[in-house]
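# Chains, contacts and geometry: an overview
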Amino acid sequence: MVAFGLCSPARAADPLPSWNEGKAKQAIVAFVERVTKPGKDYVRPEERIATFDNDGTLWTEQPLYFQFIFLIDQVKAAAPKHPEWKSNPAYQAIEKNDFQALAALGHKPVLELVAAANTGMSTEEYEKTIRSWIDTAKHPRFKRLYKDLTYQPMKEVLAYLRAKGFKTFIVSGGGIEFMRPWTEQAYGVPPEQVVGSSIELKYELRDGKPALIREPKIHFVDDGPGKPVGIFQHIGRRPIAAFGNSDGDLQMLQWTAAGNGPSLMMLVHHDDAEREYAYDRESKIGTLNKAWDEALAKGWTVISMKEDWNRIFGK
């Protein structure tokens, strides 16, 4: 299979062909040139760390986080074995397919249900279920595979940064096990460069073979203030560039901005209802409120999907 994000030879001279000429594109190119050319702002390649949120930044997140849709099926299948879930607000929302209520609850309650639903499953078994879903499940509006709803402009940024000596990481509130099986094919980001929420695992021998087994307990939630913690624990270097789209990314952008030397902070604003979705301050999914205010106050770059991108998805 051909890797996602490849540019045609005719347009190879422009590393960001899906971006319209404007402040957002200029900010990316100017920053990269600034930190890669000799001078006072030069940054050594090993320190060129760029972090990207996933949901709403690298792929669509409406009408519900895609991982939640995958997890709903997992929870429903396990529900008969867990009558105690009847009083759980997260399960009640799942049972009613109430996406708004589910979104309002956030990642943790759903991850706790999934941790219980998949208790005893090995990491290899769980990965198989993810690969099967990502290769077959389709979006209700676009009628395309979820994995095909990645943003072509952002994939170009990832490729451009790597070509300039950056190491690119995904730092997401989504589950680390959910993302790792497919991010390399989709974005060129290998599994060891994915930071996400996680559950407890234990080592045991099954039929004489070593296995890692999923436990019914949340280990770490990589969202909001958890993102700088995850970056520190997994990466060990402060990013000099960070890309997000919601209030859940605010602390990651703040952490990046607080470093010594040049930095680039960017927020994707979903303002294109015709080609994708339009939402920001009042949305339960991908709320962009406090982070937007801080971007305006601090001079961070806000990317308009409608104005800055001449295409949303790949072919």
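For the structure itself, look to the data block above.
This is a predicted model, so every value here is computed, not measured. (Residues numbered from 1 in each chain as written. Predicted model: local features only at pLDDT ≥ 70, side-chain atom pairs only at ≥ 80, totals over all residues. Heavy atoms only, no water.)

## Observations regarding helix α1 (residues 23-36)
Compared with the 20 Å implied by 1.5 Å per residue over 14 residues, the 20 Å span of α1 between its first and last C-alpha is a close match. Buried residues along α1 sit against α7 (152-163), β5 (241-244), β6 (264-269), β7 (301-304) and α13 (305-308). (Helix = DSSP H or I, 4+ residues; strand = E, 2+ residues; numbered from the N terminus. Expected span 1.5 Å × (residues − 1). Contact = heavy atoms within 4.5 Å.)

## Focus: the packing of aromatic side chains
Following the criterion strictly, the structure yields 19 aromatic pairs and no others. Seen in terms of ring centroids, Tyr151 and Trp309 are 5.4 Å apart; in terms of plane orientation they differ by 50°. Their pairing is tilted. Of this pair, Tyr151 sits in the loop between α6 (123-134) and α7 while Trp309 is found in the segment after α13, placing the two residues 158 residues apart along the sequence. Residues Tyr151 and Trp309 agree in their burial class; the two are buried. Seen in terms of ring centroids, Trp182 and Tyr187 are 5.9 Å apart; in terms of plane orientation they differ by 55°. Their pairing is tilted. Ring-pair connections join several aromatic residues into one group, and the members of that group are Trp59, Phe66, Phe70, Tyr126, Trp133, Tyr146, Phe178, Trp182 and Tyr187. Over the ring of Tyr277 we find Arg141; its NZ or CZ atom is 4.8 Å from the centre of that ring. The lysine or arginine in question, Arg214, covers the ring of Tyr126, its NZ or CZ lying 3.6 Å from the ring centre. (Phe/Tyr/Trp six-rings, centres within 6.5 Å; stacked < 30°, edge-to-face > 60°. Buried < 20%, exposed > 50% of the residue type's maximum accessible area, 1.4 Å probe, protein only. Lys NZ or Arg CZ within 6 Å of the ring centre and 35° of its normal.)

## Re the environment of Ala117
On the secondary structure map, Ala117 appears in helix α5 (residues 107-117). Ala117 gets classed as buried once you look at its relative accessible area, which sits at 18%. In this structure the C-alpha to C-alpha distance between Ala117 and Val75, which are 42 residues apart in sequence, comes to 5.8 Å. Excluding anything up to four places from it in sequence, Ala117 contacts Gln74, Val75, Ala78 and Trp85.

## Some points on unusual backbone geometry
Each neighbour pair has its own omega, and for Gln62 with Pro63 the value is 5°, a cis peptide bond. Within the secondary structure, Pro63 is located in the loop between β1 (49-52) and α2 (66-78). Positive phi outside glycine occurs at Asn97, with the angle close to 55°. Take Asn97: it is sitting in the loop between α3 (89-95) and α4 (99-105).

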